[in-house]
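Here is how the chains run, residue by residue.
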Amino acid sequence: MARAGLTPERLTQAGAELADEVGFDQVTVSELARRFDVKVASLYSHVKNSQDLRTRIALLALEELADQAAEALAGRAGKDALTALANVYRDYAREHPGRYAATQFRLDPQTAAASAGVRHSQMTRAILRGYDLTEPDETHAVRLLGSVFHGYVSLELAGGFSHSAPDSQETWTRVLDALDALLRNWPEARPHP
C-alpha cells in the first residue's frame, strides 16, 4: 500500500528541493526515501526509478523557468527582452542551482518535444525576430545565446569569476551589451570552401 500523502507531484517537488540542496546529480529515489522516512520500495508506485525522478524534476524546472521567462518578456522587445531573458536564466540558476542543472538533463526526443523546452526556444526566437534574423541564422543565434547564458551562469556558480575584478555583474552587463551589438550586426554567411 502506498504511503498516505505521497504522490508523483509531491515526490517531484521534494526531489527538486533536494536537488537545490545537494546537487541534481545526487538526487536518487533512495535519497528521497530517506527524506520521507519510508522504504525505497514504497516510492516505486509513484516513480519508476532515479532516471524517471530526474526526468520529472527536469520537466518541472523547465516549466518553472519558462513561466518566469514568459512573465519577464511580456511587453518587451529588442535589447530589453534579451536582457530580461538572460536575467531570468541567471537568477533562476542562482536561486535554484539544482533545478537549473536539471534543465540541462538530456531528455528522450518525445519527452523533450512535449516539454516546456519548446517554449524556451519559441521565446528566444521571438526575441530574435526583433533583430531581423532569418533561418539558418536564427538557429545559430538561438544556440549562441543558450551557450553564452549557460556558460556564463555555470562558470559564475562554480566561483570562476569571484577571484578578480571587475565584479561579475559588470561583466554580465557588458556581455549582454556585446550580444545585443552582435545580433544587430549579424555577420553575413560565408560560402563554404
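Here we summarise the structure given alongside this text. Owing to the predicted nature of the structure, the values given are computational and were not obtained by experimental measurement. (Residues numbered from 1 in each chain as written. Predicted model: local features only at pLDDT ≥ 70, side-chain atom pairs only at ≥ 80, totals over all residues. Heavy atoms only, no water.)

### A few points about the packing of helix α4 (residues 50–73) against helix α5 (residues 78–95)
Between α4 and α5, the least distance of the axes is 9 Å, while the angle of their chain directions is 145°. For the element pair α4 and α5, the recorded crossing hand is right-handed. Counted together, Ala-61, Glu-64, Leu-65, Gln-68, Ala-69, Ala-72 and Leu-73 of α4 and Ala-81, Ala-84, Leu-85, Val-88, Tyr-89 and Tyr-92 of α5 form the full contact between these two elements. Its residues placed into classes, the contact of α4 with α5 shows eleven nonpolar, one polar and one charged. (Axes fitted to C-alpha atoms, helices over the stretch in contact; angles between N-to-C directions. Helix = DSSP H or I, 4+ residues; strand = E, 2+ residues; numbered from the N terminus. Left-handed = near helix turned anticlockwise from the far one by under 90°. Contact = heavy atoms within 4.5 Å. Nonpolar A, V, L, I, M, F, W, Y, C, P; charged D, E, K, R; others polar.)

### Concerning the pattern of salt bridges
The tally for this structure, following the rule as stated, stands at 14 salt bridges. Taking the shortest distance from any N to any O, the salt bridge between Glu-21 and Arg-35 comes out at 2.6 Å. Pair noted here: Glu-21 is in helix α1 (residues 8–22) and Arg-35 is in helix α2 (residues 29–36), with a separation of 14 residues, a long-range link. Put simply, Arg-94 and Glu-156 hold a salt bridge, and the shortest N to O gap is 3.2 Å. Residue Arg-94 is located in helix α5, and its partner Glu-156 is located in helix α9 (residues 137–157); the two are separated by 62 residues in the primary sequence. Residue Glu-156 is classed as buried on the basis of its relative accessible area, which comes to 15%. Where salt bridges share partners, they join Asp-20, Glu-64 and Arg-99 into one cluster. (Salt bridge = Lys/Arg side-chain N within 4 Å of Asp/Glu carboxyl O. Buried < 20%, exposed > 50% of the residue type's maximum accessible area, 1.4 Å probe, protein only.)

### Topic: the nonpolar core
Leu-32, Leu-43, Leu-82, Leu-128, Phe-149 and Leu-183 are the most contacted members of the largest nonpolar core, which totals 55 residues. Counting residues per element, the ones that place at least two in this core are α1, α2, α4, α5, α6 (97–102), α8 (117–129), α9 and α10 (168–184). The greatest single-element share of this core, amounting to ten residues, is contributed by α4. In this structure, Leu-183 is in contact with Leu-82, Leu-128, Tyr-131, Leu-133, Ala-141 and Leu-145, ignoring residues within four places of it in sequence. (Core = buried A, V, L, I, M, F, W, Y, C linked by side-chain atoms within 4.5 Å.)

### Things to note about the packing of α5 against α9
Contact geometry of α5 with α9 gives a least axis separation of 10 Å together with a crossing angle of 35°. Read as a crossing pair, α5 and α9 show a hand that is right-handed. Contacts between α5 and α9 involve Leu-82, Leu-85, Ala-86, Tyr-89, Arg-90, Ala-93 and Arg-94 on the former and, on the latter, Leu-145, Phe-149, Val-153, Glu-156 and Leu-157. Per-class residue counts for the contact of α5 with α9 are nine nonpolar, no polar and three charged.

### Topic: α5
For the α-helix, the turn length of 3.6 residues means that residues three or four positions removed from each other point alike. Its 18 residues give α5 an end-to-end C-alpha distance of 26 Å, which sits within 8% of 26 Å, the value for a rise of 1.5 Å per residue. Among all positions in α5, only Ala-81, Leu-82, Ala-84, Leu-85, Ala-86, Val-88, Tyr-89, Arg-90, Tyr-92 and Ala-93 are buried. Taken together, the buried residues of α5 touch α4, α6, α8, α9 and α10. (Expected span 1.5 Å × (residues − 1).)

### Side note on the environment of Arg-94
On the basis of relative accessibility, which here comes to 43%, the residue Arg-94 falls in the partly exposed class. Separated by 63 residues in sequence, Arg-94 and Leu-157 have C-alpha atoms that sit 7.1 Å apart. The contact partners of Arg-94, leaving out residues within four places of it in the chain, are Glu-156 and Leu-157. Polar side-chain contacts of Arg-94 include one of 3.2 Å to the side chain of Glu-156. (Polar contact = N/O pair within 3.5 Å; in protein donor to acceptor, adjacent residues only side chain to side chain.)

### Remarks on α10
Compared with an ideal rise of 1.5 Å per residue, which puts 17 residues at 24 Å, α10 spans 24 Å between its outermost C-alpha atoms and is within 8% of the ideal. Within α10, the full set of buried residues consists of Ser-168, Trp-172, Leu-176, Leu-179, Asp-180 and Leu-183. Along the axis of α10, the buried residues cluster in a sector spanning 125°; they form a single face. Those residues of α10 that are exposed and angled more than 90 degrees off the buried face are Arg-174 and Arg-184. Sitting at the head of α10, Asp-167 places a side-chain oxygen 3.0 Å from the backbone nitrogen of Gln-169. (Arc of directions from axis to C-beta.)

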